[in-house]
Amino acid sequence: MTASEPAAVPEAALDRDCTTLSRHVLQQAMKAFNAPSLLSPEAQDISAIMNRLALAGKLIARRLSRAGLMAGVLGFTGDTNVQGESVKKMDIYANDVFISVFKQSGLVCRLASEEMEKPYYIPENCPIGRYTLLYDPIDGSSNVDINLNVGSIFSIRQQEGNDLDGSARDLLQNGRKQIAAGYILYGPSTVFVYSLGDGVHMFILDPSLGEFILAAESMQIPAHGPVYSLNEGNFWQWDESLRDYTRYMHRHEGYTARYSGALVGDFHRILLQGGVFIYPGTAKNPDGKLRLLYETAPLAYLAEHANGCASTGTQPLLDFVPTELHQRTPLVIGSVEDVKLVESFIQDRGQRQKPASAVTQSSK
Ligand code: P6P
């Protein structure tokens with residue numbers, strides 16, 4: 001190579017750097033909506049929505065990266081939210097970021113969030129935008145003050161009817177009504193994972209470009225994985241079937257427990273490596289802690305589109321019909337074999353189904 005000739009950049013590396021989230025979503029949207037061209041309104045709309053979500057992710061990632069250095073980022077506001085949980089300052093900041101990025105967007109008429117009792121309406125958008133964003137702005141916010149991973153979870157639905165009374169009753173439908181879902185994981189790198197119903201795709205934020213760059217397409221959850229993820233601190237509050245399952249995990253080789261206290265991080269591990277995440281109901285809270293419309297249903301949508309599965313323990317999670325906006329459900333999600341094993345303890349109790357690939361150790 002002479003001094004005047006540019007260094008040959010491998011084609012693949014250049015192409016990969018050019019596969020940004022916005023380019024990828026437009027191609028996916030064409031397929032999802034059987035759109036004749038990139039210019040079809042639906043493809044353009046969903047692409048613009050995803051780009052606004054990416055902007056929200058960048059703004060939240062930036063604030064998290066400086067959390068320990070800025071006043072007013074860490075700690076609690078002193079309020080409690082509709083869930084009865086203490087609100088972190090970061091919860092409110094992130095919630096407001098999502099609202100701000102969709103104002104003047106003309107795309108989203110309603111936003112339903114873990115942090116807001118009722119949906120937030122953007123009136124100027126409502127005559128135009130037929131989309132509703134359902135989101136958990138910061139999932140796992142107890143991790144913020146200790147610099148561990150947190151995430152944002154989102155789900156997009158199309159509004160049905162005019163919702164003139166502001167009851168948003170059309171949102172009380174099962175998870176198969178979602179047209180898109182995903183999450184942003186704020187960890188050592190900021191990761192954006194989404195699906196429009198044709199595969200699950202992962203992007204990593206390149207801060208030097210300010211772009212989310214494609215890292216993996218059409219991700220597949222392995223049929224079985226070594227990880228089981230649940231909070232054993234609640235052991236004595238569970239139904240006996242979950243205690244039996246946990247004892248089974250303790251007695252058999254090939255399993256390892258991982259639990260971060262943030263659903264998005266624990267799910268992301270399972271998306272990449274396989275295994276199962278469980279948040280069961282307890283005697284005190286039979287429906288468990290996690291919320292359907294903006295936590296368990298979006299992740300169940302991703303799990304199913306990555307050849308995994310998700311259930312309440314007794315029915316496919318995407319079939320569950322909520323009765324209220326902040327409906328909770330138990331969650332069993334991840335590798336098909338591992339979810340089925342949990343279900344076998346819940347549904348048949350003693351009828352243990354050993355996964356094909358699990359290795360058993362002589363019982364102690
Ligand atoms: P526990 C965070 O508050 C959250 O909603 C999920 O992100 C997480 O998986 C779960 O609750 C942790 O709850 O009861 O184990 O502390």
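Refer to the structure above for everything that follows.
Worth saying up front: this structure is predicted, and the values here are computed from it rather than measured.

Caption draft 1: Examining the overall build of the protein more closely. Across its full length, the protein carries 8 helices and 15 strands. In terms of overall dimensions, the protein is globule-like: its C-alpha atoms have a radius of gyration of 21 Å, near the 21 Å expected for 364 residues. Taken over the C-alpha atoms alone, the protein extends approximately 70 × 65 × 50 Å along its principal axes. Within the protein, contacts between residues at least 6 apart in sequence are counted, and of these 62% link residues at least 24 apart. On the protein, roughly 16,000 Å² of surface is accessible, and the fraction owed to carbon and sulfur atoms is 51%.

Caption draft 2: Representation of the nonpolar core within the structure. Formed by 47 residues in total, the largest nonpolar core has its most connected members in Leu53, Leu111, Leu133 and Phe192. Top element by residues in this core is helix H3 (residues 41-65). It accounts for 10 residues. Non-local contacts of Leu111, meaning those with residues more than four positions away in its chain, are made with Phe98, Ile99, Phe102, Met116, Pro119, Tyr120, Ile122, Leu133 and Tyr135. If you look at the next biggest cluster of nonpolar residues, it comprises 33 residues, including Met202, Leu271, Leu299 and Ile333.

Caption draft 3: How the structure looks around the environment of Glu253. In this fold, Glu253 is placed in the loop between helix H5 (240-251) and strand S12 (256-257). Separated by 27 residues in the primary sequence, Glu253 and Pro226 have C-alpha atoms spaced 9.2 Å apart.

Caption draft 4: Layout of the pattern of salt bridges. Enumeration over the complete set of coordinates arrives at 16 salt bridges. With its nearest N and O atoms 2.7 Å apart, the salt bridge here joins Asp170 to Arg110. Here Arg110 lies in strand S3 (residues 108-113) and Asp170 lies in the loop between strand S6 (150-158) and strand S7 (178-186), a separation of 60 residues in the sequence. The class of Arg110 is buried, set by a relative accessible area of 0%. Notably, a salt bridge pairs Arg169 with Asp165, separated by 2.9 Å at the nearest N-O pair.

What counts, and where the lines are drawn
Residues numbered from 1 in each chain as written. Predicted model: local features only at pLDDT ≥ 70, side-chain atom pairs only at ≥ 80, totals over all residues. Heavy atoms only, no water. Helix = DSSP H or I, 4+ residues; strand = E, 2+ residues; numbered from the N terminus. Rg over C-alpha atoms; globule rule 2.2 N^0.38 Å. Contact = heavy atoms within 4.5 Å. Areas by Shrake-Rupley, 256 points an atom, 1.4 Å probe, with all protein chains shown as cover. Core = buried A, V, L, I, M, F, W, Y, C linked by side-chain atoms within 4.5 Å. Buried < 20%, exposed > 50% of the residue type's maximum accessible area, 1.4 Å probe, protein only. Salt bridge = Lys/Arg side-chain N within 4 Å of Asp/Glu carboxyl O.

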